[in-house]
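Architecture at a glance
The lines below spell out each chain.
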Amino acid sequence: MRRAAATAPGAGAGAGAEPDDESGRGLALVAAFADRWGTEVGPEPRKTVWAELG
């Protein structure tokens, strides 16, 4: 099992991407490929997204 995490400013989960958008697909990709994933809110305005891959 591998665990990856990324921390960045941001509070929202995003609204998803439209077909022509060049960004906004990150969490959809994480959800599609990870065995488990989630978020942890740190000191404002930080958020960490983590994923476990088998």
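Keep in mind the model is a prediction, meaning the values are calculated, not measured. (Residues numbered from 1 in each chain as written. Predicted model: local features only at pLDDT ≥ 70, side-chain atom pairs only at ≥ 80, totals over all residues. Heavy atoms only, no water.)

Some words on the confidence of the model for the protein
- Per-residue confidence for the protein gives a mean pLDDT of 87; residues scoring 70 or more make up 89%.
- Within the protein, no element has a lower average pLDDT than helix α1 (residues 26-33), which sits at 91, and none a higher one than strand β3 (residues 46-53), at 94. (pLDDT = per-residue confidence, 0-100. Helix = DSSP H or I, 4+ residues; strand = E, 2+ residues; numbered from the N terminus.)

Here we look at a nonpolar patch on the surface
- A cluster of nonpolar side chains, namely Leu29, Phe33 and Leu53, defines an oily patch on the protein surface of about 320 Å² accessible area.
- Note that phenylalanine 33 resides in helix α1. (Patch = residues over 30% accessible without salt bridge, like charges linked within 9 Å, V, L, I, M, F, W, Y side chains within 5 Å. Areas by Shrake-Rupley, 256 points an atom, 1.4 Å probe, with all protein chains shown as cover. Salt bridge = Lys/Arg side-chain N within 4 Å of Asp/Glu carboxyl O.)

Some thoughts on the sheet that holds β3
- If you walk across this open sheet you meet the three strands as β1-β3-β2, and the pairing is antiparallel. In this open sheet, the two edge strands, each paired with only one partner strand, are β1 (2-9) and β2 (36-41). Within this sheet the neighbouring strands show an average axis-to-axis angle of 15°, counted without direction.
- Here β2 runs beside β3; their pairing, made up of six bridges, is antiparallel. By the bridge assignment for β3, glutamate 40 is matched with threonine 48. (Pairing = 2+ DSSP bridges. Axes fitted to C-alpha atoms, helices over the stretch in contact; angles between N-to-C directions.)

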